[in-house]
Amino acid sequence: MAEVICLGPSPIGFKDEVFSSIAPTIEKSLEEAGESYQQFLELYHGVNKKNTQTKEKQIEEEVKEDAEEDEKYGHKKKIFQAFEDYYGILGLQNKRWMATQDDIKKAYRKMVLEHHPDKNAQRGEVEGDAMFKSIQKAWETLCDPLKRKIYDSQEPFDDSIPSADSIKVDEDFYSIFGEAFKRFSKWSEKKQIPQLGDKNTPIDTVLDFYSFWRSFKSWRLYDFLDEYDTKEAESREERRWMERKNLKSRKKRKADELSRIQKLVELAFSVDPRVIKHKEEEKAEKERKQKEREEAAKKKKEEEARRAAEAQKKKEEDERKRAEEVS
């Protein structure tokens, strides 16, 4: 950005006189040169063999280093804890991930009143505080949005998708694939999720449905499947190695999840009776318009030929009349 220098007012008595004229402009031809420009050319055109070899060597060294770290730290696998049904503990086993924060709060208060140690003592019951501690733990997890996402992500989930062979009649499609999309909608970042619909759903709504699922974004987390517990690291280097391994594993699982969902979407789109019908109608309409264009072109050609024949006939008639008049 050019700098602007602001000058103060002229001193009193200053005479505005021009002592010299502005120098004429000179046109110069400049060529790129220098070490930086040479490096750019080598990088852009890929002609720097030395740099290529250096990069390959660097990759080999990184692979070797990763292998050495795997051998050094790989034995420290994380011990997974048994899964506890927090929704069941709070009496929300039928709502589970669809339970609202208000549902969770009401269920927690109800369970606390029923299983508080003081209440048990008044009733003469010896339940111990194990249940009460489980209720507290369930509440602490489910009332926190991030902890709840991590917990919901590790609940047992059916990741299977239907096969095209399972569709025997059109109605099978709506029931089988409708259930699958409803199941995977659990992971949607968006709250407003379109439904698969039925045979009477307008085609524009159907296409909007597939458009939504093709750009589907999932909030599902895979942290709970981390192989390594960074708290067990004995050094900063080991902790960083664990973090890299865990992150790589999460990314792979996330990519597999999105690939699986897109496979479901494309499979459903390919066997959707409404889409098939729409494509057939589009094809028929396209063929109809093509036929109309061909017929119009044919008629135009015939009309042009007819006019040309009439013009030729009129010309010949005019020439004949002139010839008769001359004779």
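Residues numbered from 1 in each chain as written. Predicted model: local features only at pLDDT ≥ 70, side-chain atom pairs only at ≥ 80, totals over all residues. Heavy atoms only, no water.

Between the first and last C-alpha of helix α4 (residues 101-115) there are 21 Å, a value that for 15 residues agrees with the 21 Å anticipated at 1.5 Å per step. Among the residues making up α4, those that are buried are D103, I104, A107, Y108, M111, V112 and H115. Taken end-on, α4 shows its buried residues confined to a sector of 155°, consistent with a single buried face. Seen from the open side of α4, the exposed residues pointing more than 90 degrees away from its buried face are K106, R109, K110 and L113. (Helix = DSSP H or I, 4+ residues; strand = E, 2+ residues; numbered from the N terminus. Expected span 1.5 Å × (residues − 1). Buried < 20%, exposed > 50% of the residue type's maximum accessible area, 1.4 Å probe, protein only. Arc of directions from axis to C-beta.)

With that settled, consider the pattern of salt bridges. Evaluated as defined, the whole model comprises 26 salt bridges. The closest approach of N and O atoms between R148 and D152, which form a salt bridge, is 3.6 Å. Pair noted here: R148 and D152 are both in helix α7 (residues 145-153), with a separation of 4 residues, about one helical turn. As far as the burial class goes, R148 and D152 line up, both buried. Residues joined by salt bridges that share partners form a network here, namely D85, R96, E155 and K186. (Salt bridge = Lys/Arg side-chain N within 4 Å of Asp/Glu carboxyl O.)

Next up on the list: the environment of R250. Looking at the element boundaries, R250 is found in helix α10 (residues 236-271). Overall, the relative accessible area of 28% leaves R250 in the partly exposed class. Sequence spacing of R250 and F224 is 26 residues, and the spatial spacing of their C-alpha atoms is 9.5 Å. If we skip the residues at most four places from it in the chain, R250 touches Y222, D223 and D226. (Contact = heavy atoms within 4.5 Å.)

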